[in-house]
Amino acid sequence: MLRVPQSVWGIWELDVNQTCVSLDLETSGLDPDNDRIIEVGAVKFRGGTVLGTFHTLVNPGCMLPNRVRLLTGITDDELQVAPPFSAVVDELVSFIGDHSIVGQNVQFDLGFLSSHGVIVSNNVYDVYDLATILLPHLDEYSLPALARQFDISYPVQHRALEDAFAAKDIFRALLEYVDKLDLSVIAEINRLTMASDWPWRPLFLELETGKAGGVSLWDRQAWEADCVPEAKGSVGREPLVPEAVLKPLDVDWLAGFLEEGGVVSKALPGFEYRPGQVLMMRHVAGALNEGRHLVVEAGTGTGKSIAYLLPAVIFAVQNNAPVVVSTNTINLQEQLVTKDLPELLKALSSAGEPAGAAAVKVAQLKGRNNYLCLRRWNSWRKTLGLPWEETRFLLRLLVWLSRTSSGDRAELNLAGNETGLWNRVCASEDNCVPERCSYYPGGCFLYRARRQAVGAHLVAVNHALLVSDLARGGGILPDYGHLIVDEAHHLEEEATEQFGYRVGDRDIYSLLEHFGDRGGFLFHLSSYLRTSSLAASRRRDVGREVEELTERAKRARPFAERFVGDVVRLVDFQVGAQGEYERALRFSQEVRRHRLWSEVQSSWEGLDDQLAGVEIGMAELQATLEGLPSRSDSELNNCLAEMASVRQQVSGLRARLSSIVADPAGDSICWARITWQGELYLHSAPLSVGRMLDNVLFSRKDCVVLTSATLSVGGDLSYIKKSLGVEGAQGLIVDAPFDYAKSTLILLPEDIVAPEKPGYQEAVEQALLGVCRATRGCTLALFTSHAALRATYASVQPVLEGEGILVLGQGIDGSPKRVLNTFKANRNALLMGAAALWEGVDIVGEGLSVLVIVRLPFGVPTDPVTAARSELFDDSFNQYLLPQAVLRFKQGFGRLIRSWSDRGVVLILDKRLQTKAYGDAFLQSLPRCTVKTTRLPQVPEEVLGWLGWSVPADSRASHSEQTKTRPQDCW
Ligand code: SF4
């Protein structure tokens, strides 16, 4: 066991007698049963002193996979002359001895040792395990990321000895970090882990005992009190009261700020004068002045955020009128609030403008479920017997809560199932009962954030929050009359989501399970009754009602199963039971007339009756509890708050399912969706978003500016205006400032077969192989389906990696964010992406020089929303499907050229662009590029010629200059 000196808490030191061994293996793959060890590195250390090292290459007796060669730099020649593992194992075992083993993801290494006959029973400390808990905000927990975090030098990666040294240093840095935790946090860690065999627990117990002066506190009642962080940085402000007569902006004066030699260019290094930016700013200022709506497409490189922030800030300050700025992604929201806006305000301050940094109040507000709900958190952490996955998640939250002042999940890196677990602890509409919540309003993160938005000149929100505020008639955002919507091409989709709803089969089941759950309100109520001072007869009466309610919920379960089963049968019958991918069925009039629909309807009525019974039982129990003499008891009050939240959820569930199955609104689209994992979801969405937005937004606000880099189709903004319900708005298209004719070549292979013809898939694969061999990577290929992406990946990955080019597949080698980061770090790589990577990729320079658009991105006509909305048009293809595809195509195209110096090729492998009448609509929507038809065999030469790369790219970037990053830090 690690020993902690009791006397010195300031500097964490292992006991001088405690020696550890940091261990790392490089292997030929991920499977301990079939792959081999190729390198072993170990460092023996005590405190900060290295006592010895062990290092050897190991002959695996087989050739190395290309990817491992690429990532480690180890060659087959080196391994062929290395000893086999059997020749080094005794020395390794003796080196490790009975010392504690330290490592990164060390169970992986121990699994390999075990499969090679080495079983260890030493203490094992996994730095990954502890780092994920202590540093819940980090994006990654790989050795390089942790080394960066602690400023540890780690120049060579993916080699065993160097990795072992890095793990040792990170281990020590983590121990120092643990020492700085508050005693209350350490005690709660010990309470949460009391039923576990977590390897780090003895260490935390010793630390607690030492910090508390020789006694352990973790099992004391005192630490079971509420774990609520102090309210830091919460500012309550008075709402802004706008001037009775709004003072218009001086547009020429503002334009001067952005001109050459103006205030902004003087204050911001690297700022360039862009006429398009000034033009856009003038229009935004004009719209604010005149109180009208404006739609602006601003091409990449316009500098549109400054073009709207500058007039918005000055307008808000001089009129005391809040301006709301909405973005689709939290990333852009963060960029505006933490970079663009502070830079702009700094520039204004430096010029002595009154709207400088000190005068402008800015607030950032996100949707409810971005904030942690303290009531739910405290209820959950007090639940006994939690599975380890949940305990681990609560440990991460606990450490985070000891530091956060916002309670905003953006500060957390939630991985895998944790996103689902977050839903159990976030502030959600269904679970929030402010009138019964003891944390409301001062302690609650959500309401603290909302209070900060009151009185702000500029409130940054995301579309989800913007639309949910509109959908409920306001109340979340401060009153505002002026709005700027960036990334406006996502507004329709977000409004579809926010004006609609969905219910999953798991939502129904887990709500019913809550009644018998050890973490549920009835469990807490029963615990309360056992220890309360109520008269025995009262306790018996309440206990009977609790039992009756539990029974009602239990009885409802088979009805829920029957309902879910009937819907699944209907979907199976209508769209087929088989399928590797999602299946969806729109509940059209025709489907509602089908004989199986009557079974769905009847099983819903049965379930609805049961749920109504549960609601009645809850109302009765609530009335009984309200009448108890101990009504003001905080424990009972918490139970009542939880109960109110569950009752709200039951009634919400009934209302939603009823409006999907029994009583659908005429202007709604209802459908069922079954995921490939077999989960059922029932959806409802508005048929026309435009009409709703017009009602709640455009007809009520003075000025709404909608902007994005992709809004027009063929130089026309009509489609987006109509779909968003703002047809009367003024329009402006600002071309990107780049010289696309010189920088961008669009290549159209005339001999490629049409996508629906045999041989298309092979042609795509050959084209990708040809391009990547020529350019040695630097290529992004965009697919419209994951199936096509996977098929292509399976074919090209072994070939290209055999030639030293890393192939990254979205969803195969990791999430979009992960594969994108790996792509950025590797010069010689092909990135294959689907939906998410059609936007959000922003790579300046040679790293992305070729963009391959595999197919034109038409929506799926059988998708329920697409099918229902298509019916609203006379010519659904030209009026709806085509404009949507063109906008998507433009987003994909926009990934290539991100700066003045960028140069690249767009290879379009869909022959319909050349052969169909609508093909021109795609090309005419792009900036004026150089367009060339060619034949497939000539594509590599054309690409190299355009890029001016007469020699393969890897000759220009030496191996040692490249950063090697493996897609998953698994070996
Ligand atoms: S007010 Fe609502 S969101 Fe806030 S802590 Fe209470 S229940 Fe949770």
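Note that the structure is predicted; figures quoted are calculated from it, not measured.

Conventions adopted
Residues numbered from 1 in each chain as written. Predicted model: local features only at pLDDT ≥ 70, side-chain atom pairs only at ≥ 80, totals over all residues. Heavy atoms only, no water. Helix = DSSP H or I, 4+ residues; strand = E, 2+ residues; numbered from the N terminus. Rg over C-alpha atoms; globule rule 2.2 N^0.38 Å. Buried < 20%, exposed > 50% of the residue type's maximum accessible area, 1.4 Å probe, protein only. Lys, Arg positive; Asp, Glu negative; His and termini not counted. Charge placed at Lys NZ, Arg CZ, Asp CG, Glu CD. Expected span 1.5 Å × (residues − 1). Contact = heavy atoms within 4.5 Å. Near = heavy atom within 4 Å. Nonpolar A, V, L, I, M, F, W, Y, C, P; charged D, E, K, R; others polar. Pairing = 2+ DSSP bridges. Axes fitted to C-alpha atoms, helices over the stretch in contact; angles between N-to-C directions. pLDDT = per-residue confidence, 0-100. Bend = angle between axes of the 7 residues up to and from the residue.

Peer 1: Explain the overall build of the protein chain residue by residue, including any values.
Peer 2: Of the regular secondary structure elements, the protein chain holds 38 helices and 23 strands. Taken over C-alpha atoms, the radius of gyration comes to 31 Å for the protein chain, in line with the 30 Å a tight globule of 971 residues would show. Projected onto its principal axes, the C-alpha coordinates of the protein chain cover approximately 80 × 75 × 70 Å. Buried positions account for 55% of the 971 residues belonging to the protein chain. Within the protein chain, one finds 96 positive and 120 negative side-chain charges whose respective centroids are separated by 3 Å.

Peer 1: Requested: an account of unusual backbone geometry, with residues and values cited.
Peer 2: Peptide bonds are mostly trans, and most non-glycine residues show a negative phi. Omega for the bond connecting Y440 with P441 falls within 30 degrees of zero, at 0 degrees, which places this linkage in the cis form. Tracing the backbone shows P441 in the loop between α17 (418-422) and α18 (445-453). Although it is not a glycine, D151 adopts a positive phi angle of roughly 60 degrees. Within the secondary structure, D151 sits in the loop between α6 (143-149) and α7 (160-179).

Peer 1: Describe helix α12 (residues 275-290), listing the residues and the values that go with them.
Peer 2: Note: α-helices contain 3.6 residues per turn, so residues at a spacing of three or four share the same orientation. Here α12 is 16 residues long and its end C-alpha atoms lie 22 Å apart, about the 22 Å a rise of 1.5 Å per residue gives. For α12, every residue scored as buried is listed here: Q277, V278, M280, M281, H283, V284, A285, G286, A287 and L288. At its buried positions, α12 is contacted by α10 (251-258), β6 (294-298), α13 (304-319), β10 (482-485), β15 (703-708) and β16 (730-734). Residue G291 follows α12 closely and has a positive phi angle near 65 degrees.

Peer 1: Tell me what's going on with the site of the ligand, and back it up with residues and numbers.
Peer 2: Around the ligand, the surrounding shell consists of C373, L374, R375, A427, C432, V433, C437, Y439, Y440, C444 and Y447. When grouped by side-chain class, the residues that make up the shell around the ligand number 10 nonpolar, no polar and one charged.

Peer 1: Can you explain the pairing of strand β22 (residues 904-908)? Please cite residues and give values.
Peer 2: Burial analysis of β22 places five of its five residues in the buried class, which makes it a mostly covered element. Residues G904, V906 and I908 of β22 are buried on one face, and the alternating residues V905 and L907, pointing to the opposite face, are buried as well. Strand direction decides the pairing type here: strand β21 (residues 850-853) and β22, joined by four bridges, are parallel. Within β22, the residue paired with L851 across the bridge is V906.

Peer 1: How would you explain the sheet that holds strand β11 (residues 501-504) if you had to name every residue and give the values?
Peer 2: On the basis of which strands lie adjacent, the open sheet formed by four strands has the order β11-β14-β13-β12 and antiparallel pairing. Of all the strands in the sheet, just β11 and β12 (583-586) have a single pairing partner and so form its edges. For this sheet the average axis-to-axis angle between neighbouring strands, irrespective of direction, equals 20 degrees. Here seven bridges tie strand β13 (residues 668-674) to strand β14 (residues 680-686), and the two strands are oriented antiparallel to one another. Within β14, the position partnered with R673 by the bridge is Y681. On top of the sheet, helix α26 (residues 634-661) reaches β11, β13 and β14; it is set at about 105 degrees to β11, its chief contact.

Peer 1: Before we move on, can you summarise the environment of L310 with the specific residues and values?
Peer 2: Note on placement: L310 falls in helix α13. Overall, the relative accessible area of 0% leaves L310 in the buried class. Spatially, the C-alpha atom of L310 lies 7.7 Å from that of M281, the residues being 29 residues apart in sequence. Among all residues touching L310, those that are not within four sequence positions of it are L254, F257, L258, M281, L344 and L348.

Peer 1: Run through the confidence of the model for the protein chain, naming residues and quoting values.
Peer 2: Of all residues in the protein chain, 92% have pLDDT values of 70 or greater, and the mean over the chain is 88. In the predicted structure, residues 953-971 sits below a pLDDT of 50 and forms 62 contacts with residues beyond four places in sequence or in another chain.

Peer 1: An account of the sheet that holds strand β4 (residues 100-103) is requested, with residue identities and associated values reported.
Peer 2: Strand order in the open sheet formed by five strands is β3-β2-β1-β4-β5, with mixed pairing between adjacent strands. Lying at the two open borders of the sheet, with one neighbouring strand each, are β3 (49-57) and β5 (124-126). If you compare each strand with its neighbour and ignore which way they point, the axes differ by 20 degrees on average. Across the sheet, helix α4 (residues 106-115) touches β1 (20-27), β2 (37-46), β4 and β5, and the angle it forms with β1 is around 70 degrees.

Peer 1: Could you give an account of helix α31 (residues 786-802), with specific residues and numbers?
Peer 2: Between the first and last C-alpha of α31 there are 24 Å, a value that for 17 residues agrees with the 24 Å anticipated at 1.5 Å per step. Along α31, the helix axis deviates most sharply at V796, where the bend reaches about 35 degrees; the proline P798 sits within four residues downstream. Considered for burial, the residues of α31 that qualify are L789, T792, Y793, V796, Q797, L800 and E801. Looking at the packing, one finds that the buried side of α31 touches α1 (66-72), α30 (760-775), β19 (806-809) and β20 (829-833). In the segment just after α31, G804 is the residue with positive phi, at about 85 degrees.

Peer 1: Can you explain the pairing of strand β17 (residues 744-749)? Please cite residues and give values.
Peer 2: Most of β17 is tucked away, with six of its six residues classed as buried. Here β17 shows no split at all, with T744, I746 and L748 on one side and L745, L747 and P749 on the other all buried. Sheet analysis places β17 next to strand β23 (residues 930-934), joined by five bridges and oriented parallel. Following the sheet pairing, L747 is matched in β23 by K932.

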